[in-house]
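Notes for the structure review
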Amino acid sequence: MINSLKNKGAGFCIVEAPDDATHDDLMDKIKNALRLYEDKKTAVIYLLEKPPAQSIFSFVRDFVESFYDRQIFFIRNLEIAAGNTPENFLSELNFSRETLDSLDRNFIFMMNPDFAGML
């Protein structure tokens, strides 16, 4: 994955981990491995902060535009943002994938294995 992030300009990755502590540890390892690459700065998007009326795409787009110098974005809190209707949330996320790809960034979706299985 590190090599892919070093060499790819855009794309999607899914990282499955059982808890937030493991997600944090993995994010730190990825950030440290990319520290030497000036064009591979990272930022974290917490979907928990997305207003209910805003689409996933517009929330992510606004965040990416505010961190225009970043190439890699970790996306967190998918399970919490999905709430009681994960099917609807995942449907919206799936519907947004091509528009997210148009942002020309690397997105790393951090989620637990059960949620990843639904994806």
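See the structure above.
Below you will find a few notes about this structure.

Basis of the calculations
- Residues numbered from 1 in each chain as written.
- Predicted model: local features only at pLDDT ≥ 70, side-chain atom pairs only at ≥ 80, totals over all residues.
- Heavy atoms only, no water.
- Salt bridge = Lys/Arg side-chain N within 4 Å of Asp/Glu carboxyl O.
- Helix = DSSP H or I, 4+ residues; strand = E, 2+ residues; numbered from the N terminus.
- Buried < 20%, exposed > 50% of the residue type's maximum accessible area, 1.4 Å probe, protein only.
- Pairing = 2+ DSSP bridges.
- Axes fitted to C-alpha atoms, helices over the stretch in contact; angles between N-to-C directions.
- Phe/Tyr/Trp six-rings, centres within 6.5 Å; stacked < 30°, edge-to-face > 60°.
- Core = buried A, V, L, I, M, F, W, Y, C linked by side-chain atoms within 4.5 Å.
- Contact = heavy atoms within 4.5 Å.

1. Some words on the pattern of salt bridges
If you walk through the whole model with that rule in mind, you get seven salt bridges. For D25, the salt bridge goes to K29, with nearest N and O atoms at 3.2 Å. Placement of the pair is D25 and K29 together in helix α2 (residues 20-34), with a separation of four residues, close to one helical turn. Residue classification places D25 among the partly exposed positions, given a relative accessible area of 37%. K41 is paired through a salt bridge with E38; the nearest N and O atoms lie 3.4 Å apart. Residue K41 is classed as partly exposed on the basis of its relative accessible area, which comes to 32%.

2. Regarding the sheet that holds strand β1 (residues 11-16)
An order of β1-β4-β3-β2 is seen for the four strands of this open sheet, with the pairing classed as parallel. The open sheet has two edge strands with one neighbour each: β1 and β2 (42-46). Each adjacent strand pair in this sheet contributes to an overall mean axis angle of 25 degrees, direction not counted. Examined bridge by bridge, strand β3 (residues 72-76) and strand β4 (residues 106-111) share four bridges and lie parallel to one another.

3. Remarks on the packing of aromatic side chains
Across all of its chains, the model carries six aromatic pairs by this definition. A ring pair is formed by F12 and F107, whose centres lie 6.1 Å apart and whose planes are at 25 degrees; its orientation type is stacked. Taken as a pair, F12 in strand β1 and F107 in strand β4 lie far apart in primary sequence, 95 residues in all. You can call F107 buried: its relative accessible area is 0%. Measuring from centroid to centroid gives 6.0 Å for F12 and F109, while their planes differ by 35 degrees, and the two rings are tilted. With F12 in strand β1 and F109 in strand β4, this pair connects stretches of sequence that are 97 residues apart. Relative accessible area serves as the criterion here: at 7%, F109 is assigned to the buried category. Connected via pairs of aromatic rings, a cluster forms that spans F12, F63, F67, F73, F107 and F109.

4. Comments concerning the nonpolar core
Ranked by internal contacts, the top residues of the largest apolar core, which has 23 residues, are I45, V60, L78 and F107. At the level of elements, β2, α3 (56-66), β3, α4 (78-82), α5 (86-101), β4 and α6 (113-118) are the ones that each hand at least two residues to this core. Among the elements that make up this core, the one with the highest residue count is α3 (six residues). Beyond its immediate sequence surroundings of up to four residues, V60 is in contact with I45, L47, L100, L103 and F107. Core analysis: the next-biggest nonpolar cluster, separate from the first, contains 11 residues, L5, M27, F74 and I108 among them.

5. A word on unusual backbone geometry
Look at N77: it is not a glycine, yet its phi comes out positive at around 70 degrees. Residue classification places N77 among the buried positions, given a relative accessible area of 13%. For D104, which is not a glycine, the phi torsion comes out positive at approximately 60 degrees. Structurally, the position occupied by D104 is in the loop between α5 and β4. The exposure class of D104 is partly exposed, given its relative accessible area of 47%.

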